[in-house]
Amino acid sequence: MLKRRKSKDSQTEITSPDEHIKCKFLVRNGKISYSIYRDDVVVVRNSRLGLNICGEGILGDNFSLIRAQEIEHSETIEMPWGEDRFIDNSYHEASFFVAENRALGRLMTLRFRVFNDGIAFRYEIPPQPKFRQITIQDELTEFGINPSSAAWSIPAFQPDRYEYNYEKARLGDLSSPVHTPLTIQTPDNIFLSIHEAALYNYGSMTLEAKNATIKSNITPLSDNTKAHVSLPFNTPWRVIMIGDSAVSLTKNRMIYALNDPPMRDFSWVKTLKFIGIWWAMYVGEWTWAPGEKHGATTSHAKEYIDEAVKLGIAGLLIEGWNNGWEGDWLKNGINNKFTEATPDFDLEEVARYAKRRNIELVGHHETVGFVDNYESQIEEAYDYYARNNIRYIKTGYAGSKMVINGRPEYHHSQRGVNHYQKTIELAAAKHICLDIHEPIKGTGIERTWPNLLTREGARGQEYEGGALSPSHACYLPYTRLLSGGMDYTNGIFDIKNPKKRINTTIARQVAYFIVFYSGMQMAADRPFMYSGEYADLFSFIRDVPTNFEKTIPLAGQIGEYFVVARKDRNSADWYIGGVTNESGRSIEIKMDFLEDDKYQVTIYCDTEKSHYKDNPLAYEIKTKKAKSSDKLKIHLAPGGGFAIRLQRL
Ligand code: NOJ
Ligand code: CA
């Protein structure tokens, strides 16, 4: 599969195992570049590679190819939790060892992996004399994709991090940096998503249209460089997922395949469903800060623990339990204390009660981005939770920048990336699982660190009440969710609350538990919303698993709708979920993905008259029997959705 052309310049081709995708690596006039083809259609035209090293010039100009080495790899990876138990990790790899023609003779390796559904490459810099500590000023990687392609993105370097609405634009018009995954539809109807895998010790990659191409723009540090590293150093993988439909991209699991297997025992990690002392704060019934309406009191916590038991939900999140929320918590967060409870909250007592009732507590650390303050307490804070049998923590980084070593840094800069990693590793050492809000984007590191059960990293339901349109959730599966699971905080049934009017039908709130995968799934409303009038709808939330054997996306269009089926990891049952934008629609689901069995089907859906605007609370629960040769017709109301449980008979 490795074809070489002999000449002063060198060009080498690598093809995918199924031979549909081809990557060419070129060294011409000392410059290194690559291009990508799918069935001989150009996907990425010849595009520049290289790194600009502070004070030492460009790594990638005036280079020659010394040697190329190829490997064929085929493996099935087993994941401890997630959307699919098994992930295919088959690729053709080529490593290109290049050396500088100048006196310094610096060395670098470009490693390419070509999969059946995309390609990835990274820069590897070995240690070499006089070249051990380097500062990367810029990464020169370009992605020469047709500028007339359509692209769906959120802006980078903005105060609310990843919490923006997705916008569709012409790729060539993205003149300000955008985050990855950047999902693209080319004029030839090839669907791509540019992202990265294994982001460690480096700034996160953003992308921008520049000089008629798409160029990487690595999140800078406050000193205006991109990363300070010692050699050997490997950049994260640059990943281009390739599919023939938007739906096919949602099956892409390359980012996990490109990460290393876990290096220690994680058999203690368990996915979790939880309720929380949380939404009551968003609708103004309770407060994070102490006072008359304080949410996190010992008695509220015990009440919620009892409610969790009654509802059959295994976990409870408690926010606002610690000192530091008084006054304007966004401004005063520098004083947050992670080992000191407010006087009306007895953490030890609540933890004992939770243990007695067999409920997992989810602890909470809102750092407000004051990383220095957090890191000064982090060991003690994790020990405090671990001592009290608290094995899950939700962390938060509200605030437009972090404060690290006394300097303002982007969340997504090298220092931010390293901070998040520190929390993950420390938590792993203490057998704690994490749900990170205002996180660094997912790059598949959950494969190596399965205790990182989920993250936020997009607009979630906290933005309801005006800032979320029904189409938002129909963009996420094709964009944000390509980077891994998300804590969208599903299941708000109090749709018409004037403090936070929800722009969905109520049936769609249960659909989210299937549409958005998360290793920690929150049933986010107050428990009384689940035990009363809507108890029958809630039964889907109670029953839906948080760990799946396999996932089969069934239908959809970016920003319009998405339908997906998932098989439970621990039973023969299947679940299907679907959401639509402002337009209602009817869909027909072919059940041919089912095994050759009979199933009891329970459908939680909108009625013909439901509408997210003026009739959001109308829903139906229907039952029937089905087998793999059947088709199911489902109606989704404007802003609606559905969930289906299929129990094998
Ligand atoms: C933002 C998080 O996304 C939200 O879930 C949390 O309640 C607040 N920060 C306060 O920590
Ligand atoms: Ca948030």
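The structure we're discussing is the one just above.
Residues numbered from 1 in each chain as written. Chains lettered and ligands numbered in written order. Predicted model: local features only at pLDDT ≥ 70, side-chain atom pairs only at ≥ 80, totals over all residues. Heavy atoms only, no water.

Turning next to the site of ligand 1. Around ligand 1 sit 13 residues, and of these Trp 278, Glu 319, Glu 366, Lys 394 and His 437 come closest. The separation between an oxygen atom of ligand 1 and a polar side-chain atom of Glu 366 is 2.5 Å. Between an oxygen atom of ligand 1 and a side-chain N or O atom of Glu 456, the distance comes to 3.1 Å. Here ligand 1 loses 95% of its free accessible area of 290 Å² to cover by the protein chains. Split by residue class, the shell around ligand 1 holds five nonpolar, two polar and six charged. (Near = heavy atom within 4 Å. Polar contact = N/O pair within 3.5 Å; in protein donor to acceptor, adjacent residues only side chain to side chain. Areas by Shrake-Rupley, 256 points an atom, 1.4 Å probe, with all protein chains shown as cover. Nonpolar A, V, L, I, M, F, W, Y, C, P; charged D, E, K, R; others polar.)

Phe 25, Leu 110, Phe 112, Phe 143, Ile 318, Tyr 382 and Phe 493 are the most contacted members of the largest nonpolar core, which totals 193 residues. A total of eight residues in this core trace back to one element, the largest contributor, which is helix α11 (residues 506–515). When residues of this core are sorted by domain, at least three fall in each of domain 1 (2–142 + 196–202 + 220–257) and domain 2 (574–648). In this structure, Phe 112 is in contact with Ile 14, Cys 23, Phe 25, Tyr 34, Leu 49, His 92, Glu 93, Ala 94, Phe 96, Ile 119, Ala 120 and Phe 121, ignoring residues within four places of it in sequence. Listed in part, the 21 residues of the second largest apolar core include Tyr 561, Ala 565, Leu 636 and Phe 642. (Core = buried A, V, L, I, M, F, W, Y, C linked by side-chain atoms within 4.5 Å. Buried < 20%, exposed > 50% of the residue type's maximum accessible area, 1.4 Å probe, protein only. Helix = DSSP H or I, 4+ residues; strand = E, 2+ residues; numbered from the N terminus. Domains from an automatic or database assignment. Contact = heavy atoms within 4.5 Å.)

Another aspect to go through is the packing of α11 against helix α13 (residues 535–543). Two elements in contact, α11 and α13, have axes whose closest approach is 9 Å; the angle formed by their N-to-C orientations is 5°. Accordingly, the angle class assigned to the pair α11 and α13 is roughly parallel. Of the residues in α13, those in contact with Ile 506, Val 510, Phe 513 and Ile 514 of α11 are Leu 537, Phe 540 and Ile 541. Residue composition of the contact of α11 with α13, by class: seven nonpolar, no polar and no charged. (Axes fitted to C-alpha atoms, helices over the stretch in contact; angles between N-to-C directions. Parallel < 35°, antiparallel > 145°, perpendicular 65-115°, else oblique.)

So, on to the pairing of strand β36 (residues 561–568). Every regular strand shows the same layout, with side chains that alternate between the two sheet faces. Taking burial as the measure, the eight residues of β36 include eight buried ones, the bulk of the element. Sheet analysis places strand β35 (residues 548–557) next to β36, joined by eight bridges and oriented antiparallel. By the bridge assignment, Gln 557 is partnered in β36 with Tyr 561. Hairpin remark: β35 followed by β36, antiparallel, with three residues in the connecting loop; positive phi at Gly 559, about 80°. Across seven bridges, β36 lies against strand β37 (residues 574–580) in antiparallel orientation. Across the sheet, the residue bridging to Lys 567 is Trp 574, located in β37. The hairpin formed by β36 and β37 contains five residues between the paired strands. (Pairing = 2+ DSSP bridges.)

Let's shift gears to the layout of surface pockets. There is about 450 Å³ of room inside the largest pocket. Along the wall of the largest pocket there are 22 residues; nearest its centre are Asn 116, Asp 117, Ile 242, Lys 251 and Asn 252. Elements represented by at least two residues in the lining of the largest pocket include exactly β10 (86–88), β25 (237–243), α1 (246–249) and α2 (254–257). The biggest single contributor to the lining of the largest pocket is β10, with three residues. When its residues are assigned to classes, the lining of the largest pocket shows eight nonpolar, six polar and eight charged. Of the voids in this model, the second largest pocket is the one considered here, and its volume is about 390 Å³. Classifying every residue of the lining of the second largest pocket by side-chain character gives 11 nonpolar, seven polar and five charged. (1 Å grid on protein atoms, 1.4 Å probe; cavity = no way out; pocket = protein on both sides within 12 Å on 5 of 7 lines; lining within 4 Å. Points joined across faces, edges and corners; volume = space filled by probe spheres on them.)

With respect to the helices and strands, the residue Glu 446 is situated in the loop between β32 (433–436) and β33 (452–455). Within the structure, Glu 446 has its side chain in polar contact with the side chain of Arg 455 (distance 3.0 Å). Aside from chain neighbours lying at most four places away, what touches Glu 446 is Trp 81, Tyr 256, Leu 452 and Arg 455.

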